[in-house]
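Single-letter residue listing:
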Amino acid sequence: MMDNVIFLILRRMRRPLITLVVIYAVAIIGLLTIPGRLPDGTPWRMDIFHAFYFVSFMSTTIGFGEVPHEFSDAQRIWVTLVIYVSVIGWLYSIGTLLSLLQDKAFKQALTELRFAKHIRKLSEPFYLICGYGETGGTLARDMTDRGRHVVVLDISEDAINMTKMANLRDDVPALAVDARIPQALVEAGLERDQCDGVIAVTNDSWANLKIALTAKLLNPDTPVVCRAESAEVEANMASFGTDHIIDPFETFALHLSTALQAPCLYLLQQWLSGHENEMLSEPIYPPREGQWILCGYGRFGKAVYRRLRQEGIDVVVVEAAPELTGRSEGRFIEGVGTEAVTLEQAHVAHAVGLVAGTDNDVNNLSIIMTAKALNPSLFVILRQNLAENERIAHRVGADIVMYPSSIVANRIRSLLVTPLLSQFIGLASNQDDAWACRVVSRISGVIGERAPAVWEVTIDDEQAHAVYQHIGRGHRPLLHHLLRDPRDRDQRLDCVPLLLAREQSREAMPSPDTPLRHGDQLLFTGRYRARRRMEWTLLNEHALAYAMDDASDHRTLLGRWFERLGLQ
Amino acid sequence: MNPEKVVFGFFIVLALTLNFGFFVGEFDNPEHHHVYEFFAVVVVNIIATILKFGDKTQMGAVLLATSLVAVLQLVAAAVIWTIAAHTGERVITASVMSSIVSLSGGAMLANVVSVVLLVIETVMMRR
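The structure displayed is predicted, hence computed values, not measured ones.

1. Considering the overall build of chain A
Each helix and strand counted, chain A has 24 helices and 20 strands in total. Compactness check: chain A gives a C-alpha radius of gyration of 36 Å against a globular reference of 24 Å for 568 residues, more than 25% above the reference. Across its three principal directions, the C-alpha atoms of chain A cover 120 × 85 × 50 Å. In chain A, buried positions account for 39% of the 568 residues. Relative to all contacts within chain A whose residues are 6 or more apart in sequence, the contacts with residues 24 or more apart total 67%.

Here is the structure:
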C-alpha cells in the first residue's frame, strides 16, 4: 500500500520537477552566454558554478545580490525575466505537491495504511463488524462497553466518521471500504488468529452473503453471524455453514411474542443481557385476552402478525399503504393510525393492546399519543427505529419500548461472546413460563436492583487451575463447592449456576450436587463480587480445599489462639 | 505512436549520446572535455531520471535504478570539477580531469544499460 502512495506521488511530480529542471537549465544557460562588463570595461562571463549558485538563490527569492561581479544591464534584463518564470515554476511544483496531499486517492491510501498498521498491532481477540448502521453501531457500543475489541468496516465514509464521533470506550479501527471485496476483509484482519468472529450486518442481504462466503473460505474456523432478510438468502447462507443467520424481523417478532406470552422469560432475557449496573426492569404482564391493534404491516408488521396469530391473539391490522404491503387476513383497516378516525374504526375503545410498529418513529409516537387519549388503559408497545429518538420514546408512556437494532445486536453478542447464555435462553424458551418465573425468583434472591453479572467458566488448567488439579488427583469437587464463599464456607456466594455444558449435553439449572469434570463449561449469574470471589476457589488450591472440606479446621495455631482471646 | 514514449526514449538516448560526446577524447586532456557539454549531460540525465519516476513494473524499477546511478556519478564529477576550478590552485590538472572523465564513463555505462533495457522492452512488446 505504501508503495502505491510513493508511486502516486512520484508519478504526479514528474511534470513539475521537469519544468523546474528546464527552467533552471535555461536560466543558467542564459547567464553563461550573456557577457558582463567589469567597472574597468573588460568583459567577463559567468562560469557554471556561479550561474548555478546565483539561480539557486534567485529562483527561491532569497536574493544575495549580484555575484561574482555587478551585472551588466543585459544580464539584468535576463534575470528579471527568469525571476518570474522560476517563481512560477516553484509555485507550480509546490502547488502540485500540496494538491496531491489533499487528493482523495492519496488520503484514502494513507487512511488504509494507518488502518492496516492498527490491525497489525491488535494483539487481543477482536470481532469484525461489517456495516455500521443502527445494528452495527449498537453492537460496537455493546461490545466495547464490555471490554471486547471490534474492527468496523462500512461502505460509507459518513458511517465511519460516526465511529469516531460515537465516543466508544475502545479505540476502534474503522475503514470506509466495500466489505464485499475479499481483499478488504483480509486487510481488516480476517485471516488473523485473533479474529474471533465476523458479523455481517449491512442493510444488503446479498452483501452479507458475500461477506459470509468470503469469511468461511478464507478463515473456516471463525464463527460468522449474518443478517438476512429473505428466506432465499438464509438458505443460501446456511448452505455453506454460516454459523448463525439472523432475520431482524423474525427476531423482533419473537421478542415481542415472548413479551406477550412469557413475561418471566422476557424478564429473564432482559436481566441477563442488561448492561453492567443498569437498573433492573420490573416484570410486565401484558393483557392476553382481548383484541390487539397492530399498526404497520411491512416486513416487521407481517412477522409480528404471524406470531400473534400463532399465539391465538385477535389482531386488527392498520396500514397506510396496503397497495405496497398487501392485506392481512381478518380485519384490515387502511390508514396511518395517527388520526383518531382510523383508530376508532379499529375499535380502539374495546382493544386491550396496541403495537405501534411502523418504520417511522414520529408516526409511532403519534399513534401512541392518539390511542392513549382514546383509551387510557390501553397496553402499548412501541417500536423505536432510530437510536437518536431514545429520549422521547421513553417519555411517551409506552409499556414496552422495543428497539429492533438493539434486540438483534444483543442476540448477536450473546451468540458470539457468551454462547452458553444463548444456549440457556434456547433451553429456557422450551420450558413453560412458570419455570422461567422460578429462575427469575432465584436470581432476584441473590442480586439487588442492578443488572447481574453473567460469566462463563471452563474447567481447564487456565480458568480453573485448582479445580482442574483436584479432579486430576482423583478428588470429587461438586458444583456447590464453587458456590461457597472462600472466606467463610458456611456462606453462599450471591450467584446462581444457570447451565452446565458437558460434551453434547446441556443441563439448565444444574443440581448443586453435580460432580465437576474436566472440560465442563458453566454459566453463572449473580453479583459482580461473587464472580471475583469464585475466582479464588477456582484458581487457588487452598481456597478450594477449604471450601470442599467440611470438617477440618485450616486456621493456624496462632489464628486459633487469637480467636480464643477474642481478637479476631 | 505514443508521444509520451517518444519523449521518454528521446531523453534516455540523448542522455547516452551527450554522455558519450563528453567522454570521447584524450582521457586526461581538459581541452577535449568541455564544461558546457558536461552541463548538458547533467541536465539531460536528471530529466531522464525524473521521467522514469512512478513506474511500478520491474523494468521501470531497473530503468530508474540505472538512471539514479548515472546521476550520482555525474553529480560526483560535478562536485570534483567545481571544487578543483574554484578553490585552491583554480586549475584543472590532468589528474582531476581523468577522475572527472572516468566518473562520467561510469555514468555512460549506466546509460548504456538503460538504453539496452529500453530496446529489450520495445522488442518484447513487438512480439
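2. Section: the interface of chain B and chain A
If you look at the interface, chain B gives 13 residues, while chain A gives 11 residues. Contributions of two or more residues to the side of chain B that touches chain A are made by α2 (35-51) and α3 (58-86) of chain B. Looking at the side of chain B that touches chain A, its residues break down into nine nonpolar, three polar and one charged.

3. Some details on the environment of A:Leu97
Structurally, A:Leu97 is set in helix α3 (residues 73-102). Once the C-alpha coordinates of A:Leu97 and A:Ile9 are considered, the two residues, 88 residues apart in sequence, prove to be 7.8 Å apart.

4. What about helix α5 (residues 134-145) of chain A?
Residues and elements named next belong to chain A. When the terminal C-alpha atoms of α5 are compared, their 16 Å separation across 12 residues agrees well with the 16 Å that a helix rising 1.5 Å per residue should span. Among the 12 residues in α5, 10 count as buried, and that is most of the element. Along α5, the residues classified as buried are Glu134, Thr135, Gly136, Gly137, Thr138, Leu139, Ala140, Arg141, Asp142 and Met143. Of the surrounding elements, those touching the buried residues of α5 are β3 (126-130), β4 (149-154), α6 (157-165), β6 (195-200), β7 (224-227) and α17 (404-416). One or two positions beyond α5, positive phi appears at Gly147, with a value near 80 degrees.

5. Section: the sheet that holds strand β20 (residues 521-526) of chain A
Residue and element names in this part refer to chain A. Pairing is antiparallel across the open sheet formed by four strands, whose spatial order is β15-β20-β18-β19. Each edge of the open sheet is held by one strand with a lone partner, namely β15 (453-458) and β19 (505-508). Averaged over all pairs of adjacent strands, the angle between their axes in this sheet comes to 20 degrees, without regard to strand direction. Looking at chain direction, β15 and β20 are connected through six bridges and run antiparallel. Following the sheet pairing, Trp455 is matched in β20 by Phe524. The sheet strands contacting helix α18 (residues 419-430) are β15, β18 (495-502), β19 and β20, and the helix crosses β18 at an angle near 95 degrees.

6. Let's talk about the pairing of β4(A)
Residue and element names in this part refer to chain A. The element β4 is largely enclosed, with a buried count of five among its six residues. Alignment of β3 against β4, held across five bridges, turns out to be parallel. Paired with Tyr127 across the strands is Val150, a residue of β4. The parallel pair β3 and β4, bridged by α5, forms a crossover whose chirality is right-handed.

7. Points about the domain arrangement of chain A
Structurally, chain A comprises domain 1 (2-102), domain 2 (121-246), domain 3 (254-416) and domain 4 (452-548). Computed over C-alpha atoms, the centres of domain 1 of chain A and domain 2 of chain A are 55 Å apart.

8. Points about the confidence of the model for chain B
All names here are of chain B. For chain B, mean pLDDT is 91; residues scoring 70 or higher make up 98% of the total. Ranking the helices and strands of chain B by mean pLDDT puts α2 first, with 94, and helix α4 (residues 94-126) last, with 92. Interface confidence for the predicted complex, given as ipTM, is 0.91, next to a pTM of 0.72.

9. Notes on the nonpolar core
Ranked by size, the top nonpolar core spans 136 residues in total, and within it A:Leu128, A:Ile129, A:Ile199, A:Ile293, A:Leu294 and A:Val380 carry the most contacts. Each residue touching A:Val380, except ones within four places of it in the same chain, is listed here: A:Leu354, A:Ala356, A:Ile368, A:Ala371, A:Lys372, A:Ala398 and A:Asp399. The next biggest cluster of nonpolar side chains, apart from the first, holds 44 residues, and it includes A:Met46, A:Phe54, B:Ala15 and B:Ala70.

Parameters at a glance
Residues numbered from 1 in each chain as written. Chains lettered and ligands numbered in written order. Predicted model: local features only at pLDDT ≥ 70, side-chain atom pairs only at ≥ 80, totals over all residues. Helix = DSSP H or I, 4+ residues; strand = E, 2+ residues; numbered from the N terminus. Rg over C-alpha atoms; globule rule 2.2 N^0.38 Å. Buried ≥ 20, exposed ≤ 12 C-beta atoms within 10 Å, placed from the backbone. Contact = placed C-beta atoms within 7 Å. Nonpolar A, V, L, I, M, F, W, Y, C, P; charged D, E, K, R; others polar. Expected span 1.5 Å × (residues − 1). Pairing = 2+ DSSP bridges. Axes fitted to C-alpha atoms, helices over the stretch in contact; angles between N-to-C directions. Right-handed = clockwise from strand over helix to strand, strands pointing away. Domains from an automatic or database assignment. pLDDT = per-residue confidence, 0-100. Core = buried A, V, L, I, M, F, W, Y, C linked by C-beta atoms within 7 Å.

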